[in-house]
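# Commentary on secondary and tertiary structure
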Amino acid sequence: MIEAQDVSGHASVALTQPADAVVTLERVDKVFANGMRGLDPIDLTIRPREFVSLIGPSGCGKSTLLKLIANLIQPTGGTIRWWGGDFNGVGSAGRRLAFVFQDPTLMPWARVGANVRLPLELAGTPASQTGSRVAAALAHVGLTKYEQHFPRQLSGGMRMRASIARALVTDPDVLLMDEPFGALDEFTRNKLDDDLVRLSAERHLTTVFVTHSLYEAVFLSTRIVVMAAHPGRIFHEFIVDEPPARTDEFRTSDRFARQCRELSAILTEAAHASGNEETP
Amino acid sequence: MKADDPIVRGAAPVIVGVLVLALWEIGCRAGHVPSYLFPTPSEIATSLATQWPVLLHALWSTLLVTIEAFVISTVVGTLIAFVFVQSKLIEVSFFPYAVLAQVTPIVAVAPLIILLVKNTEISLTICATVIAIFPVISNTTIGLRSVDPGLLSYFRMNKASRLEILLRLRIPSALPYFLAGLRVSSGLALIGAVVAEFVAGTGGRSAGLAYQILQAGFQLDIPLMFAALLLIAVTGVILYLLMVALTRALLGNWHESAIAEER
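Residues numbered from 1 in each chain as written. Chains lettered and ligands numbered in written order. Predicted model: local features only at pLDDT ≥ 70, side-chain atom pairs only at ≥ 80, totals over all residues.

### Topic: the domain arrangement of chain B
- Along its sequence, chain B is carved into domain 1 (1-31) and domain 2 (48-251).
- With centres defined by C-alpha atoms, the gap from domain 1 of chain B to domain 2 of chain B works out at 32 Å. (Domains from an automatic or database assignment.)

### Here's the deal with the environment of Val-16 of chain B
All names here are of chain B.
- Mapped onto the secondary structure, Val-16 falls in helix H1 (residues 6-30).
- Judged by C-beta crowding, with 10 C-beta atoms within 10 Å, Val-16 ranks as exposed.
- Between the C-alpha atom of Val-16 and that of Met-243, which follows or precedes it by 227 residues, the distance is 25 Å. (Helix = DSSP H or I, 4+ residues; strand = E, 2+ residues; numbered from the N terminus. Buried ≥ 20, exposed ≤ 12 C-beta atoms within 10 Å, placed from the backbone.)

### Considerations on the confidence of the model for chain A
Residue and element names in this part refer to chain A.
- This prediction gives chain A a mean pLDDT of 87; 92% of its residues lie at or above 70.
- Looking at the elements of chain A, mean pLDDT is at its lowest for helix H1 (residues 2-5), recorded as 39, and at its highest for strand E3 (residues 51-55), recorded as 96.
- Low pLDDT (under 50) marks residues 1-17, which in the prediction has 18 contacts with non-local residues, meaning those over four places away or in another chain. (pLDDT = per-residue confidence, 0-100. Contact = placed C-beta atoms within 7 Å.)

### A word on the domain arrangement of chain A
Residue and element names in this part refer to chain A.
- Partitioning chain A into domains gives domain 1 (19-96 + 174-280) and domain 2 (108-171).
- A C-alpha centroid distance of 25 Å is found between domain 1 and domain 2.
- Counting residues at the interface gives 11 residues for domain 1 and nine residues for domain 2.
- For the side of domain 1 that touches domain 2, the element with the most residues is helix H7 (residues 186-202), which contributes four residues.

### Focus: the environment of Pro-108 of chain A
- Counting through the fold element by element, Pro-108 of chain A comes out in the loop between strand E5 (97-100) and helix H4 (112-122).
- Sequence-wise, Pro-108 of chain A and Arg-152 of chain A are 44 residues apart; in three dimensions their C-alpha atoms are separated by 6.9 Å.
- Discounting residues that sit within four places of it in the chain, Pro-108 of chain A has contacts with Pro-151 and Arg-152 of chain A together with Trp-254 of chain B.

### Brief notes about helix H5 (residues 106-116) of chain B
Residue and element names in this part refer to chain B.
- By the burial criterion, the buried members of H5 are Ile-106, Ala-110 and Ile-114. With its buried residues spanning 70 degrees around the axis, H5 presents them on a single face. For H5, the exposed residues lying more than 90 degrees away from the buried face are Ala-108, Leu-112, Leu-115 and Leu-116.
- Elements in contact with the buried residues of H5: helix H6 (120-145) and helix H8 (162-200). (Arc of directions from axis to C-beta.)

### Concerning the nonpolar core
- In this structure, Ala-165, Leu-176, Val-226 and Met-227 of chain A are the most contacted members of the largest nonpolar core, which totals 78 residues.
- Sequence-distant contacts of Leu-176 of chain A, defined by excluding residues within four places in its chain, comprise Leu-66, Ile-69, Ala-70, Leu-97, Phe-99 and Val-208 of chain A. (Core = buried A, V, L, I, M, F, W, Y, C linked by C-beta atoms within 7 Å.)

### Let's talk about unusual backbone geometry
Residues and elements named next belong to chain A.
- The omega angle of the peptide bond from His-230 to Pro-231 is -5 degrees, so this bond is cis rather than trans.
- Of note in this structure, Arg-49 is not a glycine but carries a positive phi near 70 degrees.
- Mapped onto the elements, Arg-49 comes out in the loop between strand E2 (37-46) and E3.
- You can call Arg-49 partly exposed: it has 14 C-beta atoms within 10 Å.

### Overview of the packing of H5 of chain B against H6 of chain B
Residues and elements named next belong to chain B.
- At a minimum axis separation of 9 Å, H5 and H6 run at an interaxial angle of 150 degrees. By the angle class used here, H5 and H6 are roughly antiparallel. Between H5 and H6 lies a crossing of right-handed hand. Along the contact surface, H5 presents Ile-106, Val-109, Ala-110, Ile-113 and Ile-114, while H6 presents Ser-123, Ile-126, Cys-127, Val-130 and Ile-131.
- In the contact of H5 with H6, the residues fall into nine nonpolar, one polar and no charged. (Axes fitted to C-alpha atoms, helices over the stretch in contact; angles between N-to-C directions. Parallel < 35°, antiparallel > 145°, perpendicular 65-115°, else oblique. Left-handed = near helix turned anticlockwise from the far one by under 90°. Nonpolar A, V, L, I, M, F, W, Y, C, P; charged D, E, K, R; others polar.)

Written out as structure tokens, the structure is:
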């Protein structure tokens, strides 16, 4: 009935979502305190088990969008729903979010094990359960042997793995990742991408992933949201035509190369459609 | 010979010291310099040995004031820093007065404090505290504020309470700054104690090393003067080394400033 009243065709996209949507954004926009338009009104729905990448030129608001979904910042207008409700419902079983930052953001004074245990302790998990869960999370990312090491003793890639273990230890349903592998070399990045594909399947994760790399986006995603800048907005949605269980074979295939070319062309268009930097 | 070899690092300053003392001894003897002008190291050592009971008592007095001032500075300075970081308004309102206390020469303020406070030991401790407390306040305030913004977001996202953020994030982040503050403060506490003693000029039961230096000056007992000076210097070095050891014990595992270089 609401769709019938809607003539713009915008809101209907959001309002006709299946009931099991994980995150729904309706006409969500963000104007920063200095008057900069970070995001023009956006409609977006994230469904269970999706791997959605946000990609676009700098200033397109992809990180802002991710932070809105993480409730790290508040929208200027519009509504965000998590599992159909507000953010207070997030955190209970089956409705857990975990955020992985651009940097590993580990506590330098705490050993890897203590870093991974932190979210459990903050959530008040009984100490009797934390040990086995920390061990399991570290095993997932291949850091079992490094539980007693300090972050500074690890390489950049291993620190990022520890950061991912810290996210996994809370048994999240949704993983929000803000360019997590951006600072790593290509070899390490590919390795971690492979791990992420495996973990997403094993842990039935829904993932929203911000990246600069179109290759990484095609390799990982089931859906890619291409954004344009100034003001930030969704420019195009690209569905990756490939089953979610990706292997190294996909990375070297013609299917991969073709979709990278297509995405590249869309990104070029998005860059052209982007305005000049605003001066507030 | 490598400069970072631990044996070389330990031995080199000792060799330099022995050489300087030998030259000093030989120079004074060869030039027949009288001991009331410039005593030889052996005369200083003799004075140290013969006047040991008096000097030990004086050392204990000075040390007591130093330690009291240092402990008060650490505790009160840290508490003030905690209050400062609670609100920017409190900090901007009171920080100038902390600076004022720091920049006013203690020699100028000490007579007033000594006049107002009857008990000598208490007045000396107050003087020493006034100059020793500032590094603790300023360093700890900076430390409590310099929290990794990413980690702060992470704690907030995990619905951590203010107390949890303080205990698990702010205090560990502040620790390197706090310890650097203590290192400076321990030295200042000793300087403050000695300067206050000079101004107070108190003898009797609470006569410290500064008083011994003053007395030795009046009596032209220059070897005693040097012996007291030596004790003050050694005390300062020991305090410094204790702070270095504390820093290493608390930060050695993780902070760049305290990690032994791995090569």
